[in-house]
Structures are given as C-alpha cells and as structure tokens.
Amino acid sequence: MPYINGGVRNPDGTPIASKAALKRAVSESPASVEFYGTSGLGEQFAGLLSQTPDGVTLVVVGPDPHTSRRWYANVMRTATGIKVS
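In short, a report on the structure. Every chain is numbered on its own, with residues counted from 1 as its sequence reads. Owing to the predicted nature of the model, reporting of local features is limited to residues with pLDDT of at least 70; listing and counting of side-chain atom pairs is limited to 80 or more, with chain, interface and lining totals taken over all residues. Values shown for side chains rest on all heavy atoms present in the structure; no hydrogens or waters enter the calculation.

### Topic: helix α1 (residues 19-28)
- In this scheme, a residue with accessible area under 20% of its type's maximum is buried, one over 50% is exposed, and one in between is partly exposed, where area comes from a 1.4 Å probe on protein chains only. Secondary structure elements are defined from DSSP: runs of H or I of at least 4 residues count as helices, runs of E of at least 2 residues count as strands, and each element is numbered from the N terminus. By the burial criterion, the buried members of α1 are A21, L22, A25 and V26. Buried residues of α1, seen end-on, are gathered within an arc of 135° and therefore sit on one face of the element. Every exposed residue of α1 that faces more than 90 degrees away from the buried side is listed here: S27 and E28.
- Of the surrounding elements, those touching the buried residues of α1 are β1 (3-9), β5 (68-78) and β6 (81-84). Directions are taken from the helix axis to each C-beta atom, and the arc is the one they span. Should any heavy atoms of two residues lie within 4.5 Å, those residues are counted as being in contact.

### Regarding the nonpolar core
- Among buried residues, the Ala, Val, Leu, Ile, Met, Phe, Trp, Tyr and Cys ones that are joined through side-chain atoms within 4.5 Å form a nonpolar core. Grouped together as the largest cluster of nonpolar side chains are 18 residues, with contacts concentrated most on V8, L22, V33, F35, L49 and L58.
- Of all the elements in the fold, those that place two or more residues in this core are β1, α1, β4 (57-64) and β5.
- Ranked by the residues each element gives to this core, the list is headed by α1, at 4 residues.
- Residues contacting V33, with those up to four places away along its chain left out, are V8, R9, I16, L22, A25, V26, G47, L48 and L49.

See below:
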C-alpha cells in the first residue's frame, strides 16, 4: 500500500486548522477538501480527497506541512467513504 505525504486545504486555499476540522470537513463535504503532495520523490497525488486512488494512504501534516506541523492524520478512501484516523 503506497503512502503519499502532504497537506490539505479548503476550496479557498486556506489550510485546515486541526484534525477535528479535517474530520468535520470530510463528513460534511469530502469533495471540498483538497490534498497536495509535498514529496520530491516517489508517487504523488494532488486533488480532492474524494478522488484519492484506491489502496493509497495520504499522510497529512497540518495545518501546513512546510511551516507548522501541529497535527497529523492518515486519510484513505474506502468503500463507505473517506476515513480519517
């Protein structure tokens, strides 16, 4: 199972402030949460969480993976929806 590192943001480009806010956004509107990859190497994905490739775990650091690593989450698309842990 591949892992892709990155961050998440709202449709307006602002970072998601907390893991609780990410869970709330995913439950209310998963098509509005955008993931962006940060690795210079390996497999990459950038796009809406609802379009996450099968079998891929997105490792999210927030609110900004480059400057502020206050929370972490694993995000995966399952048959029943988006799972945030």
